[in-house]
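The residues making up each chain are set out below.
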Amino acid sequence: AVMIHGMADRLAANGWSKILRSSPEDKVYADETYAQFIGMVMGFDDSLKMLWKSIKQGEGQFDPMSKIEQRKYQSVSSENIGNLMERHGFGNIDKDSQLAKGIDLWGEFIRIPGRALQAEDDMFKVLNYRMELNALSVRQAKAEGHQGDALAARITELINKPTEEIHLGAVDFARENTFTNSLGEFGRNLQKGINNNPPLKIAMPFMRTLVNIQKYVGKRTPLGLLAQSVRADVKAGGAKRDLALGKMTVGSMMAGWALTKAMNGEITGGGHKWSGVRKSDYRQGWQSYSIQGPDGDWIKYDRFDPVGMYLGLVADAYEISTYGTDDDAWEAAGAVTLALYKNMTNKTYAKGLSDLHQALTMGGNYWTNWKNNFVASTVPYTSALSTIERGVDPTIRDAQTVMEKIRSRIPGLSGDLPPIVDLYGNPRVMEGGLMARTMNPFRTSSPTPTYVDSQIRMNEVNINHVNDFLGNGRFKVPLDTWQHHDYKMFASEELFQNLDNLMYSNLYQDATTGP
């Protein structure tokens, strides 16, 4: 998606070069888009070679700037563990022993996910580098005035032996499109503080990636003019100006399309501000951060960054603005700010930091849940195990304690946990077959409207499940997971049927609309 976005930016930039009559020596040519496509296709073989090389070496091969934002510690090794044992008086580990070999093998096993992420980063860097290398070579050759066979020969020469300016420009493009470009002074200081604080590093392992995605999206909207780098490019004129304007044009067009879809109810954001109302939407097949497909199903887009962030920002801003009472500028600004925050905290790579912030500020159950989730996440290959578990058991299980959360993520151990049930006692089950539940990042949901939930939504009734405790104050008695499940099932018994009878009664039909 990012590479296609880059080609669209280049086409729009060529349009600005024509409108603003940029000089032939410093303009964006339409042929650059075709050159980018050829570079992407021709560079695929090189990208696979780089992928395999990076996997074998276990370190970044293309560029030191990667999504793995810390030094290669290799903490789990026989040498490090032996030194730790020796410092505490337990003796050392013989480096040639079977124990040492087992520890080293276990360390390599634990580091496989990080190695795979690094290899994927190198692969896409090569693709983006080849795209921009071709584009800048075309621009340079055309700026020199070559035509026909001489132009083709000069382009080939520049691709095989690029100038330093072309090489560095292609590297910068590859970093920007993989969200690994260096941060500003404030960002670097923040990143240094996180890297030097282990708890924060665990909560926020991809801070640079998150910031760069935000910057990528911001530069492609009219808000991009607030960035010093964008203003500098516009002021510089020529190809830099045209590219900056082209990026804002494509991003603004996408945002305008998303706004139209959001107004028509075909794109969703985070949903209603009240959880009870939002859950009534979920019970009818609605999904947050989704787009409605041709068949009416909701399709998740929040894993499709940076395009997903465009859609989410616009949908959130529109939804938030509909809850307000005034249409003044302050409310509009607040809606954009809150939409940006909701999109940031919704992302999987920012979930750790947002959950930690919520736990520290809200306390109580938020802190307990964060602590239990944190401990459970230390189990190696948590994500892989959870993916397999979803394939084996499509029922979403309720887990509160640390051991329950660990069991809920391990195939075969989650079956004796109670299912999460909705307001009416129906268990939550993931839709789709095995492949859809395990391999498809664009989760879908089919609409299942009911009159009861549509009335709850229309009247904005914030109705939620019973609490996980009985009594209050000194007489408050907490419930364990199964007790809470039984309590919810008792409270939901015949609730839907009773509400359905009430809402079809003359008394209800003659009443005024809420809230």
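Residues numbered from 1 in each chain as written. Predicted model: local features only at pLDDT ≥ 70, side-chain atom pairs only at ≥ 80, totals over all residues. Heavy atoms only, no water.

1. Observations concerning the overall build of the protein
In terms of regular secondary structure, the protein is built from 25 helices and five strands. Reported as C-alpha extents along the three principal axes, the dimensions of the protein are approximately 85 × 75 × 40 Å. Residue burial in the protein is summarised as follows: out of 515 residues, 40% are buried. Restricting to contacts in the protein with at least 6 residues of sequence separation, those with at least 24 account for 69%. (Helix = DSSP H or I, 4+ residues; strand = E, 2+ residues; numbered from the N terminus. Buried < 20%, exposed > 50% of the residue type's maximum accessible area, 1.4 Å probe, protein only. Contact = heavy atoms within 4.5 Å.)

2. Thoughts on the nonpolar core
Counting residues in hydrophobic clusters, the biggest one holds 13 residues, and the most contacted among them are Tyr129, Leu133, Ala141, Ile155 and Ile166. Those elements that place two or more of their residues in this core are helix H6 (112-143), helix H7 (148-160) and helix H8 (164-177). With five residues, the single largest contributor to this core is H6. Here Ile166 is in contact with Leu133, Leu136, Ser137, Gln140 and Leu158, once residues within four sequence places are set aside. Counting eight residues, the second largest nonpolar core, distinct from the first, contains Val2, Ile213, Val217 and Leu313. (Core = buried A, V, L, I, M, F, W, Y, C linked by side-chain atoms within 4.5 Å.)

3. Things to note about the side chain of Asp242
Checked against the element boundaries, Asp242 lands in helix H13 (residues 238-263). In this view, Asp242 contacts Ala13, Trp16, Ser17, Leu20, Ser22, Lys27 and Val28; residues no more than four positions away in its chain are not counted.

4. Points about the packing of H6 against H7
The N-to-C vectors of H6 and H7 enclose an angle of 135°; their axes lie 9 Å apart at closest approach. The angle between H6 and H7 falls in the class oblique. The element H6 and its partner H7 pack so that their crossing is right-handed. Judged by residue contacts, Leu133, Asn134, Ser137, Val138, Gln140, Ala141 and Lys142 of H6 engage Leu151, Arg154, Ile155, Leu158 and Ile159 from H7. Split by residue class, the contact of H6 with H7 holds seven nonpolar, three polar and two charged. (Axes fitted to C-alpha atoms, helices over the stretch in contact; angles between N-to-C directions. Parallel < 35°, antiparallel > 145°, perpendicular 65-115°, else oblique. Left-handed = near helix turned anticlockwise from the far one by under 90°. Nonpolar A, V, L, I, M, F, W, Y, C, P; charged D, E, K, R; others polar.)

5. Some points on the pattern of salt bridges
Tallied over the entire structure, the rule returns 20 salt bridges. For Arg130, the salt bridge identified is with Asp46, shortest N-O distance 2.6 Å. With a gap of 84 residues between them, Arg130 in helix H6 and Asp46 in helix H3 (residues 44-57) connect regions that are remote in the sequence. Asp46 gets classed as partly exposed once you look at its relative accessible area, which sits at 32%. Ionic pairing is found between Arg397 and Asp393, a salt bridge with its closest N-O pair at 2.9 Å. One salt-bridge network, held together by shared partners, links Asp9, Glu176, Arg220 and Lys247. (Salt bridge = Lys/Arg side-chain N within 4 Å of Asp/Glu carboxyl O.)

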